[in-house]
Amino acid sequence: MPKKRTQQHNCPECGTPAKEPYKTWELVAPFPDKKMRITVTIFGMYECPKCGKKFRGVVSKAKLGSEGIEL
Ligand SMILES: [Zn+2]
């Protein structure tokens with residue numbers, strides 16, 4: 001079972017941690033890495049609850065390969 005890792009996304013302006021992203025999207029790497037795995041990165045848009053600053057952060061990354069999924 002893959003381990004779950006909680007990532008903090010702090011506001012670049014004031015450092016307040018944002019909660020859930022209000023928007024997420026996936027970015028699939030067009031080329032596989034050396035181990036022939038495709039990296040899928042999930043980005044999220046966060047909004048600071050304190051100052052309202054919107055910023056982008058990486059929600060999670062996944063690697064898809066012949067040996068299955070690696071988080
Ligand atoms: Zn802020």
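The coordinates are above.
Residues numbered from 1 in each chain as written. Predicted model: local features only at pLDDT ≥ 70, side-chain atom pairs only at ≥ 80, totals over all residues.

### Topic: the pairing of strand 3 (residues 23-28)
Now for step 1: By the criterion of burial, strand 3 is predominantly exposed, with just 0 of the 6 residues buried.
Now for step 2: Looking at chain direction, strand 3 and strand 4 (residues 38-47) are connected through 6 bridges and run antiparallel. The residue bridging Val28 from the neighbouring strand is Val40, located in strand 4. (Buried ≥ 20, exposed ≤ 12 C-beta atoms within 10 Å, placed from the backbone. Helix = DSSP H or I, 4+ residues; strand = E, 2+ residues; numbered from the N terminus. Pairing = 2+ DSSP bridges.)

### Thoughts on the environment of Gln8
Now for step 1: With respect to the helices and strands, Gln8 occurs in the segment before strand 1 (9-10).
Now for step 2: Since 7 C-beta atoms lie within 10 Å of it, Gln8 is described here as exposed.
Now for step 3: In the structure, Gln8 is positioned 50 residues away from Val58 in sequence and 10.0 Å away in space, judged by C-alpha atoms.

### Quick look at the pairing of strand 4
Now for step 1: Taken together, the 10 bridges between strand 4 and strand 5 (residues 54-65) define a ladder with antiparallel strand orientation. Residue pairing for strand 5: Thr41 is matched across the bridge by Lys61.
Now for step 2: Between the end of strand 4 and the start of strand 5, which pair antiparallel, lie 6 residues, with Gly52 showing a positive phi angle near 80 degrees.

### Some points on the environment of Arg37
Now for step 1: Looking at the secondary structure, you find Arg37 in the loop between strand 3 and strand 4.
Now for step 2: Here Arg37 falls in the partly exposed class, since 17 other C-beta atoms lie within 10 Å of it.
Now for step 3: For the pair Arg37 and Gly65, spaced 28 residues apart in the sequence, the C-alpha separation amounts to 4.4 Å.
Now for step 4: If sequence neighbours within four positions are ignored, Arg37 has contacts with Pro32, Lys63, Leu64 and Gly65. (Contact = placed C-beta atoms within 7 Å.)

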